[in-house]
Amino acid sequence: MIMTLAIALSIGGAFATSPRQSQDCQGATQYYFNGNYVLAGRIGIDYICVTPSSSVCTYYKVGTTYTPCMWGTYCTANCRASNPTPKKAKK
Amino acid sequence: MTKRQVVLESISALLIMLFLYASVSKYLDFDRFIGEMNNQPFPNSWTPFLVWTVPSLEIAISLALIFERTRMVGFIASLVLMSLFTIYAVTILLHFFAYVPCSCGGVIRKLSWPQHLVFNLFFVVLSVLGIILQRRSSFKSIFITKNSFV
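Residues numbered from 1 in each chain as written. Chains lettered and ligands numbered in written order. Predicted model: local features only at pLDDT ≥ 70, side-chain atom pairs only at ≥ 80, totals over all residues. Heavy atoms only, no water.

What about the overall build of chain A?
Looking only at helices and strands, chain A features two helices and six strands. Written out in order from the N terminus, the α and β elements of chain A read α-α-β-β-β-β-β-β. Across the 91 residues in chain A, those meeting the buried criterion constitute 37%. The long-range fraction of contacts in chain A, counting pairs at least 24 apart against all pairs at least 6 apart in sequence, stands at 36%. Of the roughly 5,500 Å² that chain A leaves accessible, carbon and sulfur atoms contribute 57%. (Helix = DSSP H or I, 4+ residues; strand = E, 2+ residues; numbered from the N terminus. Buried < 20%, exposed > 50% of the residue type's maximum accessible area, 1.4 Å probe, protein only. Contact = heavy atoms within 4.5 Å. Areas by Shrake-Rupley, 256 points an atom, 1.4 Å probe, with all protein chains shown as cover.)

Structural notes on the overall build of chain B
Across its full length, chain B holds five helices and zero strands. Overall, chain B shows an N-to-C arrangement of helices and strands of α-α-α-α-α. When the 150 residues of chain B are sorted by exposure, 48% land in the buried category. For chain B, restricting intrachain contacts to residue pairs at least 6 apart in sequence, the fraction spanning at least 24 positions comes to 71%. Total accessible area computed for chain B in this model is approximately 7,900 Å², and 76% of it derives from carbon and sulfur atoms.

Looking at the packing of aromatic side chains
Residues and elements named next belong to chain A. Under the defined criterion, the tally for this structure stands at twelve aromatic pairs over all chains. When the centroid spacing of 3.9 Å and the interplanar angle of 10 degrees are considered together, the rings of Y32 and Y74 count as stacked. Of this pair, Y32 sits in strand β1 (residues 31-33) while Y74 sits in strand β6 (residues 73-75); the two residues are 42 residues apart in sequence, bridging distant segments of the chain. For the ring pair Y37 and Y59, a centre distance of 5.2 Å and an interplane angle of 85 degrees mean the geometry is edge-to-face. With a gap of 22 residues between them, Y37 in strand β2 (residues 37-39) and Y59 in strand β4 (residues 56-62) connect regions that are remote in the sequence. Classification of Y59 as buried rests on a relative accessible area of 15%. (Phe/Tyr/Trp six-rings, centres within 6.5 Å; stacked < 30°, edge-to-face > 60°.)

Side note on the nonpolar core
Side chains of nonpolar character tend, in soluble globular proteins, to be buried together. One finds B:L15, B:F19 and B:F75 to be the most contacted residues of the largest nonpolar core, which totals 22 residues. Within the residue set of this core, elements represented by two or more residues are α1 (2-17) of chain A together with α1 (3-28), α3 (47-66), α4 (71-93) and α5 (113-149) of chain B. In terms of residue count, the dominant contributor to this core is α1(B) (nine residues). Setting aside chain neighbours within four positions, we find B:F75 in contact with B:L8, B:I11, B:S12, B:L15, B:L65, B:S127, B:G130, B:I131 and B:Q134. Counting residues in hydrophobic clusters, the runner-up holds twelve residues, among them B:F42, B:L50, B:A89 and B:W113. (Core = buried A, V, L, I, M, F, W, Y, C linked by side-chain atoms within 4.5 Å.)

This is the structure:
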């Protein structure tokens, strides 16, 4: 009984919180702000959000408004350096 | 059902919920999971191996925890995996790596790294408790079986 409930809850929960199902902002196209809103690219390949940070890392578009999505410092590589440079995925 | 069995079933259920939720979440959004794995501070060449191994291992542990006969193996595997995740969280918090990546996996990704550490430690403790209780109940059942033959 407990096991059945655990299995149902975990699988159901995974579907319920999946970005495709819940319209989670992280499933949407991400933008970062550098004076203008620019396409952020793919997380883990083009950029990462360095935490802890209280600043907004990326935004997503709701209608015509850019809404904060991910927190952290938008960083493309060498992310603890003062002037970050891109971390590129190995091909 | 004894009190100990209820506790054991509850611990197993919590661990199953964790592992099954985490693995299904990863498979449901596999592309993002690959990106998040690339985001981790180890070589990206490890990604193809890790993106299949980690969720598969989580499902295998969940399956082991469901059945009474394999539960002990499940608890031990759970302890090993959660300890590895905990050590990883500690190294991240100690800035052992060049940068601090995101913490990932369904709604778990919304936790900060210190919260992640506490979360992991909770499940490490649960796994240890599961091993202790499972050992005791195994000894008890062996003892009862032995006595029933006498």
